Amino acid sequence: MEVFEKIYYGNTVLQWSTALGIIIATILIGRLALWLSKNMVRKVASRTTTQLDDLLIESTERPLVFIISLFGIWWALNHLALTDQVRIWISNGYDFLITIAFAWILTRFFDLLVKEYIEPKVRETETDLDDQLLPILRKGVKVTIWVLAIVVGLDNAGYDVGALLAGLGIGGLAFAMAAKDTISNLFGGFTIFTDKPFTINDRIIVAGVEGWVREIGVRSTRIQKLDGRNVIIPNAKFSDSVIENVSAEPSRMIKLNLGLTYSMSAEQIEKAIGLLREIAEEHSDKIEEKTKLSFNGFGDFHLNIYFAYYIRRGANILETQTSMNLEIYKRFNSAGLEFAFPTQTIYHKPVE
């Protein structure tokens, strides 16, 4: 037929139609392969004892359709009368896209592997740090695969990758100078993940802020203050600030200075010290055996007894303090031991 013999852009209508038919056919073949994989191959793989074949099939399904489509387009274009320069471009583009397709398969397989095997193990651990670290490592590996795939693909396509990398290096240096604060925060986050000065739900004091660590991110850390408000602290702060981990303390030291009036006798001072020892022994399930007791000073308004004790880790600090203070108050009152308050004694001397 004459219509098929007409030439458009150097090729007849028949050649264009044949190329289009090849492309449509390969796309249909790709869709058929996807259907077979989902409805037949997966069923066969599910009967095996290992999950690796299931993951491999799932990770290659859609990239396989893409590769078949690429092959069909390449085959179709080869049936056309094209210039040498255009054929070189098509060949280089095909090499680049094939490399990208294999990178797609690798990233999908790695993602499924992490989801199936690593994530369940991470959820079983007691610490929350690995839950924060896993997404970062996951993204890092995937980005690395894609970057390497692009570099290899460009090299296969005939581009001078060395010159490109050199240009990227200069641009990266300029970018690093402009984004030095962001980079400092990233290194600060890396320090937190490696040194582990604290973990999620630890109570810390840093840069004048005290509270519980609720989230550790790549750039910043969220702390819930004692009043319930949230504070976002850049991770760079943790690299150059003193961090006090309150939750890591083996025990909480409580110091009391009990001031008795100057009307107390030496025997009453000894009685007060004995009562404090008894109260400490009765709370041995909540406080440690080591205590510090001393009649250590003559103040302006009182005789001072220093009493320090250590609340055990895991015991309720506020409840223990309340119980100790109530016992001290009750027994000192029962024993007639008076607490002092600021007083002044004025002596009058008659003027002759």
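Above this text is the structure in question.
Enquirer: Is there a simple way to explain the environment of I311 in this structure?
Expert: The residue I311 is located in strand β10 (residues 303–312) in this model. In this structure, the C-alpha to C-alpha distance between I311 and S284, residues 27 residues apart in sequence, is 9.3 Å. Leaving out residues up to four positions away in the same chain, I311 has contacts with S251, R252, I254, K286, I287, I317, T320 and Q321.

Enquirer: In this structure, what is going on with the packing of aromatic side chains? I would like to understand it.
Expert: To describe a pair of aromatic rings, one takes the distance between the centres and the angle between the planes. As enumerated under the stated definition, the model contains 4 aromatic pairs in all. Between F295 and F298 the ring centres are 5.3 Å apart and the planes differ by 65°, which places this aromatic pair in the edge-to-face class.

Enquirer: Would you take a moment to explain the side chain of T320 for this structure?
Expert: Within the secondary structure, T320 sits in helix α9 (residues 317–334). Within the local environment of T320, its side chain forms a polar contact with the backbone oxygen of N316, the two atoms lying 2.7 Å apart. When sequence neighbours within four positions are dropped, the list of residues in contact with T320 reads K286, I287, I311 and A315.

Enquirer: How do you make sense of the nonpolar core when you look at a structure like this?
Expert: Note on soluble globular proteins: their nonpolar side chains tend to be buried together. Core analysis: the biggest nonpolar cluster contains 22 residues, and L260, I305, F307, Y309, I328 and F332 have the highest contact counts within it. Elements supplying a minimum of two residues to this core: β8 (251–260), α8 (266–282), β10 and α9. Sorting elements by how many residues they give to this core places α8 first, with 7 residues. In contact with I305, not counting residues within four places along its chain, are L256, N257, L258, L260, I269, A272, I273, L276, L293, S294, F295 and N296.

Enquirer: Sorry if this is basic, but what is going on with unusual backbone geometry here?
Expert: With glycine set apart, most residues show a phi of negative sign, and most peptide bonds adopt trans. Not every positive phi belongs to a glycine, and N201 is a case in point at roughly 75°. Mapped onto the elements of the fold, N201 is located in the loop between α7 (180–195) and β3 (203–206). A positive phi is found at A207, a non-glycine position, where the angle reads about 55°. Examined against the element boundaries, A207 turns out to sit in the loop between β3 and β4 (209–216).

Enquirer: What exactly am I supposed to notice about the layout of surface pockets here?
Expert: To find the voids left in a structure, one rolls a probe of water-molecule size over its atoms. Taken as a whole, the largest pocket spans an internal volume of roughly 370 Å³. Considering the residues around the largest pocket, the lining is formed by 15 residues, among which R203, E249, R252, A315 and I317 are closest to the centre. Those elements that provide at least two residues to the lining of the largest pocket are β8, β10 and α9.

Enquirer: Looking at this structure, I do not really get the pattern of salt bridges. What am I missing?
Expert: Here the idea is simple: oppositely charged side chains can pair when their charged atoms come close. Under the definition given, this model contains 8 salt bridges. With its nearest N and O atoms 2.7 Å apart, the salt bridge here joins R252 to E249. The salt bridge partner of R331 is E327, with a shortest N-O separation of 3.1 Å. Residue R331 and its partner E327 are both found in helix α9; the two are separated by 4 residues, about one turn of the helix. Overall, R331 belongs to the partly exposed group, its relative accessible area being 21%. Take E327: its relative accessible area is 21%, and that puts it in the partly exposed class. Several salt bridges converge on common partners, so that one network encompasses E278, E282, E327 and R331.

Enquirer: Honestly, the environment of A101 in this entry has me stumped. Any pointers?
Expert: Its place among the elements puts A101 in helix α4 (residues 84–124). Spatially, the C-alpha atom of A101 lies 9.1 Å from that of A149, the residues being 48 residues apart in sequence. Look past the residues within four positions of A101 in its chain and what remains in contact with it is P63, F66 and I67.

Enquirer: What should I look at first to understand a nonpolar patch on the surface in this one?
Expert: On the surface, L32, W35, L36 and M40 cluster together into a nonpolar patch covering about 400 Å² of accessible area. Structurally, L32 is set in helix α2 (residues 13–46).

Enquirer: Where do I start with the pairing of β3 in this structure?
Expert: Every regular strand shows the same layout, with side chains that alternate between the two sheet faces. Because side chains alternate across β3, one face comprises the buried residues I204 and V206, and the other comprises R203 and I205, none of which is buried. As paired strands, β3 and β4 are joined by 4 bridges and run antiparallel to one another. Paired with I205 across the strands is E210, a residue of β4. Joining the antiparallel neighbours β3 and β4 is a turn of 2 residues, in which A207 adopts a positive phi near 55°. Two strands pair when backbone bridges link them, and β3 and strand β7 (residues 243–245) are joined in this way by 3 bridges, in the antiparallel orientation. The residue of β7 that forms the bridge with V206 is I243.

Scoring rules and cut-offs
Residues numbered from 1 in each chain as written. Predicted model: local features only at pLDDT ≥ 70, side-chain atom pairs only at ≥ 80, totals over all residues. Heavy atoms only, no water. Helix = DSSP H or I, 4+ residues; strand = E, 2+ residues; numbered from the N terminus. Contact = heavy atoms within 4.5 Å. Phe/Tyr/Trp six-rings, centres within 6.5 Å; stacked < 30°, edge-to-face > 60°. Polar contact = N/O pair within 3.5 Å; in protein donor to acceptor, adjacent residues only side chain to side chain. Core = buried A, V, L, I, M, F, W, Y, C linked by side-chain atoms within 4.5 Å. Buried < 20%, exposed > 50% of the residue type's maximum accessible area, 1.4 Å probe, protein only. 1 Å grid on protein atoms, 1.4 Å probe; cavity = no way out; pocket = protein on both sides within 12 Å on 5 of 7 lines; lining within 4 Å. Points joined across faces, edges and corners; volume = space filled by probe spheres on them. Salt bridge = Lys/Arg side-chain N within 4 Å of Asp/Glu carboxyl O. Patch = residues over 30% accessible without salt bridge, like charges linked within 9 Å, V, L, I, M, F, W, Y side chains within 5 Å. Areas by Shrake-Rupley, 256 points an atom, 1.4 Å probe, with all protein chains shown as cover. Pairing = 2+ DSSP bridges.

No statement about biological role is implied by the geometric values presented.
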